[in-house]
Amino acid sequence: MILESLNNTEKIESLHPLFKKAFDYLKSTDFSKMEDGKHELDGSRLFVSIASISGKEKKDAAIETHKKYIDIQMPLLGVEKIGWKPGSELQEESVPYNEEQDIAFYIDRPTAYTKIYPGQFAIYFPEDGHAPGIGQGNIRKVIVKVQVEG
């Protein structure tokens, strides 16, 4: 997991061949003019999902993992808290891995929580269990999905 400001992406961009394209998009897009939903940037290799959600309590946020995609999660409106637990420590699967949706859910509880503010982002790799959507009120966010094998 990485937590950083959108103003400081240069070193992170070297971690994956598609990260620079993803961050250039995040920095140059006016999301207030975009509708919620999926928007492709590079076919299935790189796309974004924009979502408006109601923040939930910690107890209601399930840990999820992915195998094919890295998540870059960035709140646009509101403050989002995301729980985290190392994937190697996850033990109780509640919904088995769905290959088509690239997601599995767990009963385990996070061991750490991070508050993410607009202008900041968090990156969750396949080895990161994460429980998004924790917060109060309305949260609008963008999730960049970056295919693991760039």
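For the structure itself, look to the data block above.
In what follows, the accompanying structure is described. (Residues numbered from 1 in each chain as written. Predicted model: local features only at pLDDT ≥ 70, side-chain atom pairs only at ≥ 80, totals over all residues. Heavy atoms only, no water.)

1. Some remarks on the overall build of the protein
For step 1, the next point in the chain: Looking only at helices and strands, the protein features two helices and 12 strands.
For step 2, the next point in the chain: Beginning at the N terminus, the succession of helices and strands in the protein can be written as β-α-α-β-β-β-β-β-β-β-β-β-β-β.
For step 3, the next point in the chain: A globule of 150 residues ought to have a C-alpha radius of gyration of about 15 Å, and the protein, at 14 Å, matches this closely.
For step 4, the next point in the chain: Projected onto its principal axes, the C-alpha positions of the protein cover 40 × 35 × 25 Å.
For step 5, the next point in the chain: The burial tally for the protein puts 43% of its 150 residues in the buried class.
For step 6, the next point in the chain: In the protein, once contacts between residues fewer than 6 apart in sequence are set aside, the share between residues at least 24 apart is 79%. (Helix = DSSP H or I, 4+ residues; strand = E, 2+ residues; numbered from the N terminus. Rg over C-alpha atoms; globule rule 2.2 N^0.38 Å. Buried < 20%, exposed > 50% of the residue type's maximum accessible area, 1.4 Å probe, protein only. Contact = heavy atoms within 4.5 Å.)

2. Structural notes on the nonpolar core
For step 1, the next point in the chain: Counting residues in each nonpolar core, the largest one holds 22 residues, and the members touching the most others are Phe19, Phe23, Leu26, Ile72 and Ile123.
For step 2, the next point in the chain: Taken together, the elements giving at least two residues each to this core come down to helix H2 (19–28), strand E3 (46–54), strand E5 (69–77), strand E10 (120–124) and strand E12 (138–147).
For step 3, the next point in the chain: At five residues, H2 tops the list of elements feeding residues into this core.
For step 4, the next point in the chain: If we skip the residues at most four places from it in the chain, Phe19 touches Ile12, Glu13, Ile70, Ile72, Ile123, Phe125 and Val146.
For step 5, the next point in the chain: In this structure, Ala61, Tyr106, Ala131 and Ile134 belong to the second largest nonpolar core, which totals seven residues. (Core = buried A, V, L, I, M, F, W, Y, C linked by side-chain atoms within 4.5 Å.)

3. Regarding the sheet that holds strand E1 (residues 2–5)
For step 1, the next point in the chain: The strand order across the open sheet built from six strands is E1-E10-E5-E12-E3-E2, with neighbouring strands paired in antiparallel fashion. At either margin of the open sheet sits one strand with a lone partner, and together these are E1 and strand E2 (37–42). In this sheet, neighbouring strand axes are inclined to one another by 20° on average, regardless of whether the strands run parallel or antiparallel.
For step 2, the next point in the chain: In this sheet, E10 lies alongside E5 in antiparallel orientation, the contact comprising three bridges. Bridge pairing links Asp71 to Tyr124 in E10.
For step 3, the next point in the chain: Packed on one face of the sheet, H2 meets E2, E3, E5, E10 and E12 and runs near 10° to E5. (Pairing = 2+ DSSP bridges. Axes fitted to C-alpha atoms, helices over the stretch in contact; angles between N-to-C directions.)

4. Thoughts on the pattern of salt bridges
For step 1, the next point in the chain: Enumeration according to the criterion identifies 11 salt bridges in this entry.
For step 2, the next point in the chain: The shortest N-O distance in the salt bridge between Asp30 and Lys33 comes to 4.0 Å.
For step 3, the next point in the chain: Asp42 is paired through a salt bridge with Arg45; the nearest N and O atoms lie 3.5 Å apart.
For step 4, the next point in the chain: Residues joined by salt bridges that share partners form a network here, namely Lys21, Asp42 and Arg45. (Salt bridge = Lys/Arg side-chain N within 4 Å of Asp/Glu carboxyl O.)

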